[in-house]
Amino acid sequence: MATNLSSTLPHDSHDPKNTTPPSKLAKHSQQDDLTQECHDLISSLAKEQGWILSHLYQYQGFWYPNTLFEGLLSCQRHFKARDTDIILITNPKCGTTWLKALAYAIVNRKINPPKEDNHPLLTNNPHELIPFLERKVYVDHQVLDLTESPSTRVFSTHLPVELLPLSIKETKCKVVYLARDPKDAFISLWHFANKLRPQNSGKLQLEEAFDKFCKGVSFCGPFWDHVLSSWKYSLDKPNKVLFLKYEELKEKPKLYLKKLAEFWGCPFSLEEENNGVVEEILSLCSFDNMRNLEVNKVGELNKSFFRKGEVGDWANYFSQEMIEKFDEMFFDKFLQCGLKF
Ligand code: PAP
């Protein structure tokens, strides 16, 4: 059940650890066509001012920055899921980094026991260990040859169910969707955007961000469509899709860690449980532990993934009017489908 894809995947160009050998990267044969196609596609889409710098473009109902399209189209066309793959899906700021850390620690616990001094999570940001399909695996017109990768591969994506590569739906790979209370996800996203905005473009005001979010114009938004399509997918295919909430994971981490391991076909043995392996993984991946690791303190981006890690921080920001608008927008939409945060 081993998987460490970080050494076989291309990293973002700013990543100093980019060690991918060129031989592992097969150029997409229609690279130039794709670029032109992408360009044409983007110029045909509705656009709105984004949260950080660039615009967001509406593609098949969801909003993305132009930098994502190359990877998005490429992974839709070329990614071949395997029955043994694990796919983590999240709306941005719903606990992606945490889920990646937990997944990595669970799946690799035989070769990397959570207590070992040189555990990869101690020196790598979880995003380096479990790559985004549309952002790291398929970038810069390059299609990665994944044929030599280990049997259990773990990938993540912010793509909604509607835009997933077909092979994810057609194979028996296991999907976990992690959702979060939209109020907390929104506040987290607002902070994140302001951290990454260039200083000279000023702060994105809370009210402006709120309007955009409510219009559905946020990275991978509309938020509610993203959540609801996965929720319905999980109801339709409970053996394939496990729908979890950040709040549940915070409240009963042990229970849900065991659920995850079972769902992925690698349940904790009695011996592991008696030896405290579940607790060790939770402690390794805990917010406090991860935030204080040197690797997660270096660089604005790495730091930005660890802010407060709490449930209910929205209450420090929302006015009564915002609460009412949010509840009106989300509560009914979710409740009609049997979903409650
Ligand atoms: P991404 O989708 O851009 O990768 P993501 O990891 O989903 O980001 O969101 C970061 C949020 O998860 C932050 O929430 P906050 O802004 O409300 O604080 C971050 O603090 C939280 N987070 C990161 N790591 C952990 C963790 N180990 N445990 C709990 N929450 C975490």
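The paragraphs below set out a description of the structure included in this document. In every chain, residue numbers begin from 1 and rise along the written sequence. Owing to the predicted nature of the model, reporting of local features is limited to residues with pLDDT of at least 70; listing and counting of side-chain atom pairs is limited to 80 or more, with chain, interface and lining totals taken over all residues. As a rule here, side-chain values cover all heavy atoms of the structure and leave hydrogens and water aside.

## Brief notes about the site of the ligand
Thinking step 1. For each residue, the test is whether any non-hydrogen atom lies within 4 Å of the molecule or strand; if one does, the residue is near. Residues in contact with the ligand amount to 20 residues; listed here are only the nearest, Lys93, Thr96, Thr97, Ser188 and Lys308.
Thinking step 2. Under this definition, polar contacts are N or O atom pairs within 3.5 Å; protein pairs additionally need one hydrogen-donor-capable and one acceptor-capable atom, and for neighbouring residues in sequence, both atoms have to be side-chain atoms. The contact in question runs from an oxygen atom of the ligand to an N or O atom on the backbone of Cys94, over 3.1 Å.
Thinking step 3. One nitrogen or oxygen atom from the main chain of Lys308 is found 2.7 Å from an oxygen atom belonging to the ligand.
Thinking step 4. All accessible-area figures derive from a Shrake-Rupley calculation using a 1.4 Å probe, and residue coverage is judged against the displayed protein chains alone. Protein burial of the ligand: of its 640 Å² of free accessible surface, 98% is covered by the chains.
Thinking step 5. Working definition: helices are DSSP H or I runs of at least four residues, strands are E runs of at least two. Numbering for both runs from the N terminus. It is helix α3 (residues 96-107) that contributes the most residues to the shell around the ligand, 3 residues altogether.
Thinking step 6. Three classes are used, and their members are as follows: Ala, Val, Leu, Ile, Met, Phe, Trp, Tyr, Cys and Pro are nonpolar, Asp, Glu, Lys and Arg are charged, and the others, Gly among them, are polar. Looking at the shell around the ligand residue by residue, the classes come out as 8 nonpolar, 8 polar and 4 charged.

## Things to note about the packing of helix α8 (residues 182-196) against helix α9 (residues 206-214)
Thinking step 1. Two elements in contact, α8 and α9, have axes whose closest approach is 11 Å; the angle formed by their N-to-C orientations is 125°. Between α8 and α9, the angle falls in the class oblique. Pair α8 / α9 crosses with right-handed handedness. On α9, the residues touching Pro182, Phe186, Ile187, Leu189 and Trp190 of α8 are Leu206, Ala209, Phe210 and Phe213.
Thinking step 2. Partitioned by chemical class, the residues of the contact of α8 with α9 number 9 nonpolar, no polar and no charged. Throughout, an axis means a line fitted to C-alpha atoms (over the contacting stretch in the case of helices), and angles, computed between N-to-C directions, take values from 0 to 180 degrees. By the definition adopted for this analysis, an angle is roughly parallel if under 35 degrees, roughly antiparallel if over 145, roughly perpendicular if from 65 to 115, and oblique otherwise. Crossing chirality is assigned from the near helix's rotation relative to the far helix, an anticlockwise turn below a right angle marking it left-handed and a clockwise turn marking it right-handed. Any two residues whose heavy atoms approach within 4.5 Å at even a single point are treated as in contact.

## Overview of the pairing of strand β9 (residues 241-245)
Thinking step 1. Counted residue by residue, β9 has 5 buried out of 5 residues, so it is predominantly covered.
Thinking step 2. In terms of strand pairing, strand β8 (residues 174-179) meets β9 through 5 bridges, oriented parallel. Residue pairing for β9: Leu178 is matched across the bridge by Leu244. Relative accessibility thresholds used throughout: buried, under 20% of the residue-type maximum; exposed, over 50%; partly exposed, between the two (1.4 Å probe, protein chains only). Being paired, for any two strands, means DSSP has found at least two bridges between them.

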